[in-house]
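# Residue-level structure breakdown
Residues per chain are reported as follows:
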Amino acid sequence: MTATSFTPVASLAGGALIGFAAVLLMWATGRIAGVSGIAARLFPPYEDRELAGRVAFVAGLIAAPLLVRLATGSWPAQVIEAGTAVLVVAGLLVGFGSVWGSGCTSGHGVCGLSRLSARSLVATATFMATGIATVFVLRHWS
Amino acid sequence: MAVLIQFAIGLIFGLGLILSGMSNPAKVLNFLDVGGIAAGTWDASLMFVMGGAVAVTFVGFSRVLKLARPFFADRFYVPTRRDIDPRIIIGPAIFGVGWGLAGFCPGPALTALGFGSASAVIFVAAMCAGMVLARWSAHLPSLARIVAPADPLET
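Before going into details, it helps to say that this report is about the structure given with it. (Residues numbered from 1 in each chain as written. Chains lettered and ligands numbered in written order. Predicted model: local features only at pLDDT ≥ 70, side-chain atom pairs only at ≥ 80, totals over all residues. Heavy atoms only, no water.)

Bringing the side chain of Asn24 of chain B into the picture now. Secondary-structure assignment places Asn24 of chain B in the loop between helix H1 (2-20) and helix H2 (25-32). Classification of Asn24 of chain B by relative accessible area gives buried; the value is 7%. Residues in contact with Asn24 of chain B, not counting those within four places in the same chain, are Ala77, Gln78 and Val79 of chain A. (Helix = DSSP H or I, 4+ residues; strand = E, 2+ residues; numbered from the N terminus. Buried < 20%, exposed > 50% of the residue type's maximum accessible area, 1.4 Å probe, protein only. Contact = heavy atoms within 4.5 Å.)

Next comes the structure, spelled out in structure tokens:
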């Protein structure tokens, strides 16, 4: 594992930006800023005509590190230790599970909790628990 | 215009993911590693991400939802279901395992594409396949019992 440092101020500020973006999306489009829902709706079946907006939102996500690179001259910190096989399995599980459960960290964890949704509270507690359990098994049982 | 604004909102969301540390899988995994508390390697930062995001969203949503309608849409599309069905536990349980394996959830994974990371491309391709599979599998009769609406995206 790679050691990381405790960054409460930057994390709080970054979290506030994420929340601000979620509020802006609700104001603009009336939609929940759930990234799994937005990403999954990039694929058929299409239920509405809002594909262009979703593509634009995802393009904005992808552009963010490029903007940081342009502004500061260096890439933000990112360490990915998982190998190809783990990435494929993890990606399948994340994609399948987040759609099957109607949301991920942003949809349930941010937008759902702030709306005091019981379903989102259950979903958030569940993915936190299985995420913690998975890391525990990987790091402390082997 | 609406599309440009949604690009800007995605950009702000992505900058938030980067500033907060969510876009760094090592940081996410160190947060999920509660076994690291005793060893002193636990990184509690991500609690602050959730705290900051929920605080702003809680206040912001209550104000925005008092408006007659969104700026670019005819109405608000806010989920109203309150029931706890098996799907709302099974789906997140599967998602959490994947999250713990690689340290990526959907938002940071898409943002990671902009880092030019080959690992992110592999993860996102698998993630999209998983998403399509979930929507397709919801139509299988044997699974329909635990999937109330025909499409899991319907909340």
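After that view of the structure, there is still more to cover.
For the rest of this paragraph, the subject is the side chain of Thr29 of chain A. One can find Thr29 of chain A in helix H1 (residues 8-29). Separated by 3.2 Å, the side chain of Thr29 of chain A and the backbone nitrogen of Arg31 of chain A make a polar contact. Excluding residues that lie within four positions of it along the chain, Thr29 of chain A makes contacts with Gln6, Pro70, Ala73, Arg75 and Tyr77 of chain B. (Polar contact = N/O pair within 3.5 Å; in protein donor to acceptor, adjacent residues only side chain to side chain.)

This brings us to the interface of chain A and chain B. With 112 residues of chain A in contact, the opposing surface of chain B contributes 111 residues. Regarding the contact of chain A and chain B, the summed buried area is about 10000 Å², with carbon and sulfur atoms giving 76% of it. For the chain A face of the interface with chain B, the top three residues by lost area are Trp27, Trp100 and Arg119 of chain A, together amounting to 9%. Summed over the shared surface of chain A and chain B, the number is four salt bridges. Between Arg119 of chain A and Asp83 of chain B there is a salt bridge whose closest N-O contact spans 3.9 Å. Where chain A packs against chain B, one counts 28 residue pairs in polar contact (both at pLDDT 80 or more). Among the secondary structure elements, those contributing two or more residues to the side of chain A that touches chain B are H1, helix H2 (35-40), helix H3 (51-72), helix H4 (84-100), helix H5 (105-114) and helix H6 (118-140) of chain A. Per-element tally for the side of chain A that touches chain B: the top contributor is H1 of chain A, with 21 residues. In the side of chain A that touches chain B, the residues fall into 71 nonpolar, 34 polar and seven charged. (Buried area = accessible area lost by both parts, 1.4 Å probe. Salt bridge = Lys/Arg side-chain N within 4 Å of Asp/Glu carboxyl O. Nonpolar A, V, L, I, M, F, W, Y, C, P; charged D, E, K, R; others polar.)

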